[in-house]
Every structure is written in C-alpha cells, then in structure tokens.
Amino acid sequence: MAAGDPTATPGVAQSAARIQVERIYLKDLSFESPQAPDIFRGEWKPDVQLDINTRANRLDGSRFEVVLTATLSARLDAEGGGEPRTGLIVEVQQAGVFLVEGVEGPPLQQILAMACPDILFPYVRETVDNIVVKGTFPPFMLAPVDFAALYREALRRHETMAGEKEN
C-alpha cells in the first residue's frame, strides 16, 4: 500500500503491510419476489431495508477469505391498510481470498473489516442492481458504505457489552 492509497488503514505501517487480492467470487446469491406477478400491478415505492455483514476466516498462514453479505428487502404498504407486502428480497454473499502479510492483531482485524469489504462492495453493488433488473424491477444502486464507521461502531458496542458484563 502506497501513500495516498484509499485502502490504507490508519495505524498500520504502510511499508510493512502487504495486501493482495488473489480471487474475488460470488459465494451465494438469492432472489425472491414472493408477491409476483401481483406486485407489478401497483405503484413501486418500496420501503427498502439493507443489512450488511462481513466475516473473515483464516485459510492458512497469511491468506484469508472475507465474505461480504448484503441483504436487501423491499416492502410495499398493503392496499387497504393491511400488512406490508414483500416486493423482493436479494441476498448476495460476495467473497474474496486476500493475502495479508506484515500485520497481526488489531491492525489485521482492521484490514479484514474495512479494506477488504471496501474492495468487495462494488461487486455487491453491481450484482444487486443486475439481479433486481432481471426481476423486472427498477434499477437499484446501493449507496456507498463506510466500513470504517461500521467497524468503529462494532468495537464500541463490543466494549459497551464487555463493560456491562463486568458490572
């Protein structure tokens, strides 16, 4: 990673760390439109929920599999005030094999939780948009995700929970 590298992780010595993408692949993909074809008759103004999760597994030595999972669900208000109707559900598991050398401990966790998902996210975005369009719904472009902020929030929650358990 060179100076000015957008994948640079704060607190990691740039000359010591080496990240290499060995492979990026689609691990799992699911698309559901449980209300089709009835869902196409009404106006398409869904309430959209997006859940993003990451996980990393050491494969061997300095090689890691990082999986970025995005679950998108779009619900429409029911006609007549009943239960909302699910228009579509998309779940994508985009994965990559990364070689990460020269770092361990918290800096390694930061790379796996921030830099690697940043690399995988554009693939998730493209897959979600493509599959939604193939379902004959309007295009859907996922907004950018700040994985550094998500990582910091997860650390904060973990520390809060650890503090509550001590009390």
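This text goes with the structure placed above it.
Residues numbered from 1 in each chain as written. Predicted model: local features only at pLDDT ≥ 70, side-chain atom pairs only at ≥ 80, totals over all residues. Heavy atoms only, no water.

(A) Seen up close, the environment of Leu50. Summarising the element assignment, Leu50 is placed in strand S2 (residues 47–60). With 23 residues separating them in the primary sequence, Leu50 and Ser73 have C-alpha atoms 6.6 Å apart. (Helix = DSSP H or I, 4+ residues; strand = E, 2+ residues; numbered from the N terminus.)

(B) Region of interest: the sheet that holds S2. Here we have 4 strands laid out as an open sheet, ordered S1-S4-S3-S2, and antiparallel in their pairing. Taken across any chain shown, the strands that pair with only one partner, and hence form the sheet edges, are strand S1 (18–32) and S2. The sheet shows a mean angle of 15° between the axes of neighbouring strands, direction not considered. Where S1 and strand S4 (residues 85–101) come together, 13 bridges link them in antiparallel fashion. (Pairing = 2+ DSSP bridges. Axes fitted to C-alpha atoms, helices over the stretch in contact; angles between N-to-C directions.)

(C) View of helix H1 (residues 105–134). Relative to the 44 Å expected for 30 residues at 1.5 Å per residue, H1 spans 42 Å between its end C-alpha atoms, a close match to the ideal helical length. At Asp118, H1 is bent by approximately 40°, the largest bend along its length, and proline Pro122 sits one to four residues beyond. Looking at the residues trailing H1, positive phi occurs at Thr136, about 65°. (Expected span 1.5 Å × (residues − 1). Bend = angle between axes of the 7 residues up to and from the residue.)

(D) The arrangement of the pattern of salt bridges in detail. Applying the stated criterion across every chain, the model contains 9 salt bridges. Here Lys45 makes a salt bridge to Glu43, at a shortest N to O gap of 3.3 Å. Taking the relative accessible area as the measure of exposure, Lys45 reaches 62% and is therefore exposed. Accessibility expressed as a relative area gives 59% for Glu43, which makes it exposed. (Salt bridge = Lys/Arg side-chain N within 4 Å of Asp/Glu carboxyl O. Buried < 20%, exposed > 50% of the residue type's maximum accessible area, 1.4 Å probe, protein only.)

(E) View of the packing of aromatic side chains. On inspection of all chains with the given rule, the structure shows 4 aromatic pairs. Relative to Phe137, the ring of Phe31 lies with its centre 6.4 Å away and its plane at 55°, an arrangement referred to as tilted. In this pair, Phe31 is assigned in strand S1 and Phe137 in the loop between H1 and helix H2 (147–166), connecting sequence segments 106 residues apart. For Phe137, a relative accessible area of 5% gives the class buried. (Phe/Tyr/Trp six-rings, centres within 6.5 Å; stacked < 30°, edge-to-face > 60°.)

(F) Fine view of the side chain of Ser73. Following the sequence through the fold, Ser73 ends up in strand S3 (residues 63–76). Not counting residues within four places of it along the chain, the set of residues in contact with Ser73 comprises Asp47, Val48, Gln49, Leu88 and Ile89. (Contact = heavy atoms within 4.5 Å.)

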